[in-house]
Amino acid sequence: MATAVFTNPKFSPTITTTSSSSTAKNHHYHGVHHFLHTRIYTPHSASLNLTNPRRRRHNSDCLVFCQSSDGQPPATGRRRRSEYVPNRISDPYYVRIFDTTLRDGEQSPGASLTSKEKLDIARQLAKLGVDIIEAGFPAASKDDFEAVKTIAKEVGNAVDKDGYVPVICGLSRCNENDIRTAWEAVKYAKRPRIHTFIATSPIHMEYKLRKSKEQVIEIARNMVKFARSLGCEDVEFSPEDAGRSDREFLYRILGEVIKAGATTLNIPDTVGYTVPEEFGKLIADIKANTFGIENVIISTHCQNDLGLSTANTIAGACAGARQLEVTINGIGERAGNASLEEVVMTLKCRGERELGGLHTRINTKHIMMTSKMVEDYTGLHVQPHKAIVGANAFAHESGIHQDGMLKHKGTYEIIAPEDIGLERINEAGIVLGKLSGRHALKRRLEELGYELDDEQLGSIFWRFKAVADQKKRVTDADLRALVTDEVFQPEVVWKLVDLQVTCGTLGLSTATVKLVDADGKDYVACSVGTGPVDSAYKAVDLIVKEPVTLLEYSMIAVTEGIDAIATTRVLIRGENACSPTHASTGESVSRTFSGNGAGMDIVVSSVKAYIGALNKMLGFKDRDSTKASEERIPVSM
């Protein structure tokens, strides 16, 4: 038996343990393990029994899957979502999931998203069941403002039959213009939130802000008050670079913003500097030493610079954080953020037995579809060995592993692929080929998680028939590539009609390209280059007449064999590219634009990817030009 005794809420907790020798051998109170067993910190309690009565111990059981023995999800997956109150959660074991894919995730180089793409992802995040969607940084640009506003109006008011609707959040720096702009964007949501931040570490205050501790406290306090004065009842505050901030200063500034009306305190490890034991202790110390902490929700935001973001996030949850900030596929600044799929599946897989009952209400069957959508829209490929959603996550090549899997899947799989929406086989036994009809294709796409309208299905069907004429069997990977190429594309400005190339060792590579614009007018150009792709790109440039720099070009085969479909990704930057404001630095940054293309002809695939990137860039440019006469939102520093 272990007991945590709290005396004064202004002092750090002390841990006293009483145990038999046999129990002591199995419970080491140090490192992350320490926080797994001391996860609830209640400063005003005289004592707390750390043995959770809801925690089930089955010493004779062997955990095989993240499911119960009857094949159903564990109890954590069946609990009812707590009624949303900004600064309180009725279920002490419930953990809110705050997704920042559309804000921090979009700050990944090349991950620029159009307004339509952001809206699609936001709708998918709602299907996933995230509690809070950070839809963007409204003061960054007019386009960002409009995207957040649209998400607030549409996704932020789509209440399901159980009463669930995600909170829509907008990021702002600690200045009145940013906060007012964020409120103007999110106020249309049923549950709007403003998330404001200011740096608190010595290095940031001295070299970036050039302000004293007292000045930073005054700004934070006044800006939280200002956000509340606008009518926003849900205000999140982040002390940027909290992982490297002075503890006593953190306690002070957090206490002040609580008094000013903050409802959530987010503790960011902005540069991914801490290790799990350290970050868990940071959360525990804040919970034990901050005045008024019982009136707010503590959140975590862990960057992945040392590859520890998921571990730090889980350590923070075990230490008392009840909101976890994550992104799909772990995308974000530099090395990225804590990955939603890793954090959620850790809680689902180990939460009931080892993490004291911590749980979320994420519908994990939508994870794979959401991951694929974000991958396709951002152009950021998921590495094959990525946990949960990587191509190799459920692949078994070793003979020993294959033998074990054939005997019992639990020998080498702790998660069933079906849990994340990845179907191992077609349950209906349908094999798609050249004789398959539209209904069979639609059924299989639905099984893979795609919900397409009749027009989209029609486009996919004819592409599918063309591929099926050249392949004996069309695989799920082929279908995903076709959906990506037809559905996950920006609005059409230019479209490829025909392409002819001549290449080899006997002469210069030559390409003739025929494009059609949005008005249906045809354009043809011919060019030479160092290879078929280079010559084709130069021919496209002659038609589009937009000077760009090709930053990256990559190609992968999505299936095996000589008849594989190739997927190409390109990354471009225009000479007159849009320059939104970066949230942390306040500087203008040049947007880069990615494009994807798929096809059995690698040159065609390459040209489609290039045109897709150009369409995305031109879409941003057109919106800026049509709104040039409108009043711009001023961005103060």
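Residues numbered from 1 in each chain as written. Predicted model: local features only at pLDDT ≥ 70, side-chain atom pairs only at ≥ 80, totals over all residues. Heavy atoms only, no water.

Some points on the overall build of the chain
Here is the rule we go by: Helix and strand definitions follow DSSP, with helices as H or I runs of at least four residues and strands as E runs of at least two, each counted in order from the N terminus. Accessible area is worked out with a 1.4 Å probe on protein chains only. A residue is then buried under 20% of its type maximum, exposed over 50%, and partly exposed in between. In what follows, residue pairs with any heavy atoms lying within 4.5 Å of each other are defined as contacts. Here, Shrake-Rupley sampling with a 1.4 Å probe gives the accessible areas, and only protein chains in the shown set may cover a residue.
In terms of helices and strands, the chain carries 18 helices and 17 strands. Per-residue burial for the chain yields a buried fraction of 56% across its 637 residues. Considering only intrachain contacts with a sequence separation of at least 6, the fraction spanning at least 24 residues in the chain is 69%. A total of about 27,800 Å² of accessible surface is found on the chain, and carbon and sulfur atoms cover 52% of it.

Observations concerning the sheet that holds strand β15 (residues 548-557)
For sheets, the rule is that strands pair by backbone hydrogen bonds, running either parallel or antiparallel. To keep it simple, the criterion reads: The pairing criterion is simple: DSSP has to find at least two bridges between the two strands. Angles shown run from 0 to 180 degrees and are taken between the N-to-C directions of axes, each axis being a line fitted to C-alpha atoms and, for helices, limited to the stretch in contact.
Read across the sheet, three strands follow the order β15-β16-β17 without closing on themselves; strand pairing throughout is antiparallel. Each edge of the sheet is formed by a strand with only one pairing partner; in this case those strands are β15 and β17 (593-599). Going from strand to strand, the sheet's axes swing by 20° on average, the running direction of each strand aside. Pairing analysis gives seven bridges linking strand β16 (residues 566-574) to β17, with the strands arranged antiparallel. Bridge pairing in β17 places Val570 opposite Gly595.

Observations regarding the confidence of the model for the chain
To be explicit about the condition: Confidence scores per residue from the predictor, reported as pLDDT, run from 0 to 100.
Per-residue confidence for the chain gives a mean pLDDT of 82, with 79% of residues at or over 70. The low-confidence segment residues 1-65 (pLDDT under 50) makes 130 contacts with residues lying over four places distant or belonging to another chain. Across residues 67-78, confidence stays below pLDDT 50; counting only partners more than four residues off in sequence or on other chains, it has 18 contacts.

What about the pairing of β16?
Judged by how many residues are buried, β16 sits mostly within the fold: eight of nine residues are covered. Bridge count for β15 against β16 is nine bridges, and the pairing is antiparallel. Bridged to Thr549 within β16 is Arg573.

Comments concerning the sheet that holds strand β6 (residues 167-173)
The strand order β4-β5-β6-β7-β8-β9-β10-β11 describes a closed barrel built from eight strands, whose pairing is parallel. When the angles between neighbouring strand axes are averaged without regard to direction, this sheet yields 25°. Strand direction decides the pairing type here: strand β9 (residues 264-269) and strand β10 (residues 297-302), joined by six bridges, are parallel. In the sheet register, Asp269 faces β10, and the bridge partner there is Cys302.

Concerning the side chain of Arg96
Our working definition: Charge assignment: positive for Lys and Arg, negative for Asp and Glu; neither His nor the chain ends contribute. In the sections that follow, a salt bridge refers to a side-chain nitrogen of Lys or Arg positioned within 4 Å of a carboxyl oxygen of Asp or Glu. We call two N or O atoms a polar contact when they sit within 3.5 Å, provided that within protein one can donate a hydrogen and the other can accept it, with sequence-adjacent residues counted only if both atoms are side-chain atoms.
Its place among the elements puts Arg96 in strand β4 (residues 96-99). Of the side chains bearing the opposite charge, Asp131 lies closest to the buried Arg96, which forms no salt bridge; the N-O distance is 5.4 Å. In this structure the side chain of Arg96 is engaged in a polar contact, spanning 3.1 Å, whose partner is the backbone oxygen of Pro86. Apart from the residues within four sequence positions on either side, Arg96 is in contact with Tyr84, Val85, Pro86, Arg88, Ile89, Asp131, Ile132, Arg193, Ile297, Arg322, Gln323 and Leu324.

Things to note about the packing of helix α3 (residues 115-128) against helix α12 (residues 367-378)
For the record, the criterion: Our angle categories are set so that under 35 degrees counts as roughly parallel, over 145 as roughly antiparallel, 65 to 115 as roughly perpendicular, and the remainder as oblique. Handedness of a crossing follows from how the near helix is turned relative to the far one, being left-handed for an anticlockwise turn of less than a right angle and right-handed for a clockwise one. Residues were grouped as follows: Ala, Val, Leu, Ile, Met, Phe, Trp, Tyr, Cys and Pro as nonpolar; Asp, Glu, Lys and Arg as charged; and all remaining residues, including Gly, as polar.
For the pair α3 and α12, interaxial distance at closest approach is 10 Å and the crossing angle is 165°. Comparing the axis directions of α3 and α12 gives the class roughly antiparallel. In this structure, α3 meets α12 at a crossing whose hand is left-handed. Counted together, Lys116, Glu117, Asp120, Ile121, Gln124, Leu125 and Leu128 of α3 and Ile367, Met369, Thr370, Met373, Val374 and Tyr377 of α12 form the full contact between these two elements. Among the residues making up the contact of α3 with α12, the classes are represented as eight nonpolar, two polar and three charged.

Describing the packing of aromatic side chains
The line we're drawing: Pairing of aromatic rings covers Phe, Tyr and the six-membered ring of Trp, with a centre-to-centre limit of 6.5 Å; geometry is then stacked below 30 degrees between planes, edge-to-face above 60, and tilted otherwise.
One pass over the structure, following the stated rule, counts four aromatic pairs. When the centroid spacing of 6.3 Å and the interplanar angle of 40° are considered together, the rings of Phe461 and Phe464 count as tilted. In this pair, Phe461 and Phe464 are both assigned in helix α15 (residues 454-468), three residues apart and thus about one turn of the helix distant. Like Phe464, Phe461 is buried. Ring centres of Trp494 and Tyr523 lie 5.1 Å apart, and the angle between their planes is 75°; on these two criteria the pair is classed as edge-to-face.

Remarks on helix α17 (residues 532-544)
For an α-helix the count is 3.6 residues per turn, leaving residues at separations of three or four pointing the same way. Where we set the bar: Expected span of a helix: the number of residues minus one, times 1.5 Å.
Between the first and last C-alpha of α17 there are 18 Å, a value that for 13 residues agrees with the 18 Å anticipated at 1.5 Å per step. Looking at α17, one finds that the buried residues are Val533, Ser535, Ala536, Tyr537, Ala539, Val540, Ile543 and Val544. A positive phi of about 60° marks Lys545, the residue just after α17.

A word on the environment of Lys225
Note that Lys225 resides in helix α7 (residues 213-229). The exposure class assigned to Lys225 is partly exposed, which follows from its relative accessible area of 44%. For Lys225 and Ala260, which are 35 residues apart along the polypeptide, the C-alpha to C-alpha distance reads 5.3 Å.

Points about the pattern of salt bridges
Overall, the coordinates contain 33 salt bridges when judged by the stated rule. The partner of Lys386 in a salt bridge is Glu341, and the shortest N-O contact between them spans 2.8 Å. Of this pair, Lys386 sits in the loop between α12 and α13 (399-407) while Glu341 sits in helix α11 (residues 340-350); the two residues are 45 residues apart in sequence, bridging distant segments of the chain. Among the residues examined, Lys386 registers a relative accessible area of 7% and is labelled buried. Within the structure, one salt-bridge network assembled from shared partners comprises Glu106, Lys118, Asp144 and Arg591.

Focus on the environment of Ile203
Considering the arrangement of structural elements, one finds Ile203 in helix α6 (residues 202-209). Judged by relative accessible area, which is 42%, Ile203 ranks as partly exposed. As a C-alpha pair, Ile203 and Ser245 span 42 residues in sequence and 8.8 Å in three-dimensional space. Filtering out sequence-adjacent residues up to four positions away, Ile203 remains in contact with Lys208, Asp241 and Arg244.

With respect to unusual backbone geometry
Unusually for a residue other than glycine, Ile388 sits at a positive phi of about 75°. Considering the arrangement of structural elements, one finds Ile388 in the loop between α12 and α13. Of note in this structure, Lys545 is not a glycine but carries a positive phi near 60°. Residue classification places Lys545 among the exposed residues on the basis of a relative accessible area of 63%.

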